[in-house]
Amino acid sequence: MLKFALKNTMIKIVQVILVCVSIVLSCGTAVLAFNTSKQIEDGITTNAAYYSAIIGPAGSQTQLVMNTVYFTDSPVGTIPYELVSELSQDSRVEKAIPFAMADSYKGFNIVGTTKDYFEEKELLNGNIFSIPKEGDEGFEIVVGYNVYRAAGLKIGQKIYTSHSVGDEHHTPFIVTGVLKETHSMSDDILYTHLKSIWLVHEEEEEHGHEEHDHEELNNMVCSIIIKAKNPSAALSVVNEYNGKLFSGHDAKTYSLQAVEPMAVIRSVLNDADSTRYIVYALCAVILVMNIMIISVVTVLNMIHSVPEIKMMRLIGISVKKINLLYLLQNSIIGAVSIGLSFLFSRIGLLFVGGYAKSMGAVLSLGAVYPLEFIIMVGVFVISVLPTAIATFVLSRKDSIAE
């Protein structure tokens, strides 16, 4: 029976291809849309949940969060490091962690911070960087997993960072540790002590590289990550520092903003939801068209198969077995199409990876959710249903039953 079903399927190759394409488009697009939106939502909410608040220069809240939490976009500006000391002494604050993004290595961004930043991170091997001192021959740096793999770095290896393309610093950094893979944007980052960035820029001034105005980076940070003692303390800090004017050691006045990362991310996700629903609506339209195509092809196939059905009846094959033959035939087509749909969705993840990175999430081809299987099973049932109905209806007619 199975051999006959396969042979019969190959004979009607044009109809089979038409059905397969319609199933792959509807099911594959639906699975891709769900998987992408779910991974982006999980990725950005997980990262944002680590921080109670972020304080930075006045400007775009979204830009501040995306740069500090997801390393995308450019920094809003800089604020004095003195503010870190002030917040560290605040009874509401458990930790105030400086964050500065400056320079790069082979296209990977470098972040200046302190050891407190690594409380939620694990090392694959090596150690966290130590506090640098003036006169050091090289400064210590920890690299993300993707940087380690792509650049082929080793513990103890010296690397040279650059301020821009073709503008390499003279002072080397020494790799002291590699972070475990997290499947997030942090895998693409190199981390060093904040003071290392200041010292590198000071040394560049000594070499006569003043055109980039490096001195503006010294004793400055791009933002401050706050880990508050409780949610009410976090809200109190945000209310106090949002819109506050801070006078720095340089006699300049800086306008601050303070945000709750999760609140900003919820706003971003709400904007993304409308796009996701549009994609789901398109999937639904494709699915309806899929049902119509399969139904038409199935009915035409059954009508054209009347002579061979009569022949099977004449040699003693029961109506039940004939119906089973066509159900098996369509089930094979449906199963193969569902398999191709899943493959289509994984290939699609490669193409939408850039979009996901812009939102601070890294898509994993290995991430599979239970609802994806539910979608695929549902589409499979829908693909077989027209055949089941057609065989039942036609089996009542004389051409098959007699």
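Look up: the structure comes first, before these words.
Residues numbered from 1 in each chain as written. Predicted model: local features only at pLDDT ≥ 70, side-chain atom pairs only at ≥ 80, totals over all residues. Heavy atoms only, no water.

Draft legend 1. Structural detail: the overall build of the chain. Within the chain, the regular secondary structure consists of 13 helices and 15 strands. A burial count over the chain gives 47% of its 402 residues as buried. Sequence separation of at least 24 residues holds for 75% of the intrachain contacts in the chain that already meet a minimum separation of 6. With the model as given, the accessible surface of the chain reaches about 19,300 Å², and the carbon-plus-sulfur share is 61%. (Helix = DSSP H or I, 4+ residues; strand = E, 2+ residues; numbered from the N terminus. Buried < 20%, exposed > 50% of the residue type's maximum accessible area, 1.4 Å probe, protein only. Contact = heavy atoms within 4.5 Å. Areas by Shrake-Rupley, 256 points an atom, 1.4 Å probe, with all protein chains shown as cover.)

Draft legend 2. Spatial organisation of the packing of aromatic side chains. One pass over the structure, following the stated rule, counts 10 aromatic pairs. An aromatic cluster is defined as three or more aromatic residues linked by ring pairs; in this entry it consists of Phe71, Phe99, Tyr117, Phe118, Phe129 and Tyr191. (Phe/Tyr/Trp six-rings, centres within 6.5 Å; stacked < 30°, edge-to-face > 60°.)

Draft legend 3. Region of the structure containing the pattern of salt bridges. Summed over the entire model, instances satisfying the criterion amount to eight salt bridges. Here Arg92 and Asp90 are joined by a salt bridge, their closest N and O atoms 2.7 Å apart. Both residues of the pair, Arg92 and Asp90, count as buried. For Glu119, the salt bridge is made with Lys95, and the minimal N-O distance between the two is 3.0 Å. Here Glu119, found in the loop between β4 (108–113) and β5 (123–126), pairs with Lys95, found in strand β3 (residues 93–105); they are 24 residues apart in sequence, far enough to count as distant. Three or more residues are tied together by salt bridges with common partners; here these are Glu86, Asp90, Arg92, Glu240 and Lys244. (Salt bridge = Lys/Arg side-chain N within 4 Å of Asp/Glu carboxyl O.)

Draft legend 4. Spatial organisation of the nonpolar core. Membership of the largest hydrophobic core comes to 52 residues, with the highest contact counts inside it found for Ile55, Phe71, Leu83, Tyr191 and Ile224. Per-element tally for this core: the top contributor is β3, with six residues. Not counting chain neighbours up to four residues away, the residues in contact with Tyr191 comprise Phe71, Val111, Tyr117, Phe118, Lys121, Phe129, Ile141, Val142, Leu179 and Ser186. Residues Tyr105, Leu153, Val175 and Leu190 belong to the second largest nonpolar core, which totals 16 residues. (Core = buried A, V, L, I, M, F, W, Y, C linked by side-chain atoms within 4.5 Å.)

Draft legend 5. Fine view of a nonpolar patch on the surface. Together, Val336, Leu340, Leu343, Ile347, Leu350, Phe351 and Leu365 make up a nonpolar patch on the protein surface, roughly 710 Å² of accessible area in all. Among the structural elements, Val336 can be located in helix α10 (residues 319–351). (Patch = residues over 30% accessible without salt bridge, like charges linked within 9 Å, V, L, I, M, F, W, Y side chains within 5 Å.)

Draft legend 6. Inspection of helix α7 (residues 231–241) at higher detail. Among the residues making up α7, those that are buried are Ala233, Ala234, Val237, Val238 and Tyr241. Relative to the axis of α7, the buried residues are bounded by an arc of 140° and lie together on one face. Exposed residues pointing more than 90 degrees away from the buried face of α7 are listed as Pro231, Ser232 and Asn239. Buried residues along α7 sit against β1 (53–57), α4 (82–88), β3, β13 (223–228) and β15 (253–259). Remark: Gly243 follows α7 within two positions and exhibits a positive phi of approximately 90°. (Arc of directions from axis to C-beta.)

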